[in-house]
Structures are given as structure tokens and as C-alpha cells.
Amino acid sequence: MIESFEIQSDKANLPIVEERLFHFCRECNVGRYYSAVSVATLHAVENAIVHGNHNDVTKTVSLAFGTCRGGIFTEVADQGIGFDFYQYGNLPDDEQISGEGIFVMRSLADNMSYSEGGRQVRLEFVVEGIDPADALERVSVLRQHFAVVAA
């Protein structure tokens, strides 16, 4: 099962993505893991709008939701020029002014991969038989990060 659609490159369209993702996850019986899927996917869409398409409302963001190996995936693609995704994804520090969204996505997804020169990201989430220790570790990493950011 794969659901594909496009939105205009405007952050005002994030609720459309969230609603469609909610219904897709409900059909796939994702349950309590929905929040991790939602947060990571919405970060990816916002990155595509802001950094990929530079808030250009004449451009679109393409999305796909589907099932894979015991879980689900989301794909987000923009019409930008791409970026060097290898330099992002570690815990952001005081000197790093960007990359927090990628850190969150990488922390919440079980697998994250880029294609099309950084214009497309695929997030995979294992929702069948997820190890509770892995889930707790993810929550702990994110809480520590956001506690430091808020301080």
C-alpha cells in the first residue's frame, strides 16, 4: 500500500500532511508510535519547504507513505538543488546553527536515507515488535537535547 500526493511549498500546508499521515497510520495500525512518525515526517516536510524550496510557493513537495519490512516509510522530496546531507545529523552543538531537524529525524526513524542529491529523504519506522529499550533510548536522547536547548 502506497499513498502519494503533493502539497504547495507553504508551511500553512503542514496540517494537510499531518491529517493524511494520521489516517494512513491508523489504517496501518501504527498506534502509539504515531507521534515519532509524525514528528520526524513533519520535520522532513518543513525542511523541504524552507531549505529545499526556499519557501517558494510555486514549487511543490512530493510525499509518499507506504509499508515496508514490518513497518512503514515516509518519503519527502523537494524541488531544490539538494545539499550535502553527510555533514548533518549528529547532535547539534552551540556552533552549529542548523541540522536540528535532521538530528530529530535520525533519532526517531529506524532508518533514514537520502537520494536525488539530498532532494529526497526516506524515513523508515519499524512498528511491529519494536524493542522497548530502543524506544526509551530515543526518548531519552531527545529529552536531553531539548533540555539543553531550552536552558
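Per chain, the residues get numbers from 1 upward, laid out in the order the sequence is written. It should be noted that, the model being predicted, local features are given only for residues of pLDDT at least 70 and side-chain atom pairs only at 80 or more, the latter also being counted only at that level, while totals for whole chains, interfaces and linings use all residues. The basis for every side-chain value is the complete set of non-hydrogen atoms in the structure, without hydrogens or water.

Participant: Which residues make up unusual backbone geometry, and what values go with them?
Facilitator: Outside of glycine, negative phi angles account for most residues, and trans bonds account for most peptide bonds. Notably, Asn29 is not glycine yet its phi reads approximately 55°, a positive angle. Labels follow the DSSP assignment, with helices taken as runs of H or I lasting at least four residues and strands as runs of E lasting at least two, numbered in each case from the N terminus. Structurally, the position occupied by Asn29 is in the loop between α1 (14-27) and α2 (34-52). Burial here depends on accessible area, computed with a 1.4 Å probe over protein chains only, as a share of the maximum for the residue type. Under 20% is buried, over 50% is exposed, and the range in between is partly exposed. On the basis of relative accessible area, Asn29 is assigned to the exposed category, the value being 67%. Positive phi, close to 55°, is recorded for Glu116, a residue that is not glycine. Its location among the elements puts Glu116 in the loop between β4 (111-115) and β5 (120-126).

Participant: Provide a residue-level description of the packing of α1 against α2, including the pertinent values.
Facilitator: Axis lines are fitted to C-alpha atoms, over the contacting stretch for helices. Their N-to-C directions set the angle, which ranges from 0 to 180 degrees. Remark: α1 packs on α2, axes separated minimally by 10 Å, with the N-to-C direction vectors making an angle of 145°. Crossing angle aside, the handedness with which α1 passes α2 is right-handed. Contact residues: α1 offers Leu14, Val17, Glu18, Leu21, Phe22 and Cys25, while α2 offers Tyr34, Val37, Ser38, Thr41, Leu42, Val45, Glu46 and Ile49. Classification convention: Asp, Glu, Lys, Arg as charged; Ala, Val, Leu, Ile, Met, Phe, Trp, Tyr, Cys, Pro as nonpolar; all other residues, Gly among them, as polar. Its residues assigned to classes, the contact of α1 with α2 comprises 10 nonpolar, two polar and two charged. Should the near helix be turned anticlockwise from the far one by less than a right angle, the crossing is termed left-handed; should it be turned clockwise, right-handed. The contact rule is simple, with two residues in contact once any of their heavy atoms fall within 4.5 Å.

Participant: Which residues make up the nonpolar core, and what values go with them?
Facilitator: We call a set of buried Ala, Val, Leu, Ile, Met, Phe, Trp, Tyr and Cys residues a nonpolar core when their side-chain atoms join them within 4.5 Å. Of all hydrophobic cores here, the largest spans 37 residues; its most connected members are Leu63 and Leu123. At the level of elements, β1 (2-8), α1, α2, β2 (60-68), β3 (71-77), α3 (100-108), β4 and β5 are the ones that each hand at least two residues to this core. Residue contributions to this core peak at nine residues, all from α2. Filtering out sequence-adjacent residues up to four positions away, Leu123 remains in contact with Ala40, Thr41, Ala44, Ile72, Phe73, Thr74, Met105, Ala109, Asn111 and Met112.

Participant: Lay out the side chain of Ser107 with the relevant residues and their values.
Facilitator: Along the chain, the position of Ser107 falls in helix α3. Taking the relative accessible area as the measure of exposure, Ser107 reaches 15% and is therefore buried. Residues within four places of Ser107 in sequence aside, it is in contact with Arg138, Val141 and Leu142.

Participant: Explain α3 residue by residue, including any values.
Facilitator: For α3, the tally of buried residues reaches seven of nine residues, placing the bulk of the element in the interior. Those residues of α3 that sit buried are Gly101, Ile102, Phe103, Val104, Met105, Ser107 and Leu108.

Participant: Can you break down the packing of aromatic side chains residue by residue, with the values?
Facilitator: Think of it this way: a Phe, Tyr or Trp ring, Trp meaning its six-membered ring, pairs with another when their centres are within 6.5 Å, and the plane angle makes it stacked under 30 degrees, edge-to-face over 60, tilted otherwise. The full count for this structure, using the stated rule, is seven aromatic pairs. Ring geometry for Tyr33 versus Phe125: centroids 6.2 Å apart, planes at 75°, classification edge-to-face. Placement of the pair is Tyr33 in the loop between α1 and α2 and Phe125 in strand β5, with a sequence separation of 92 residues. Pair check on accessibility: Tyr33 and Phe125 agree, each one buried. Taking the centre distance of 4.7 Å and the plane angle of 20° together, the rings of Phe85 and Tyr114 count as stacked. Here Tyr114 lies in strand β4 and Phe85 lies in the loop between β3 and α3, a separation of 29 residues in the sequence. Residue classification places Phe85 among the buried positions, given a relative accessible area of 18%.

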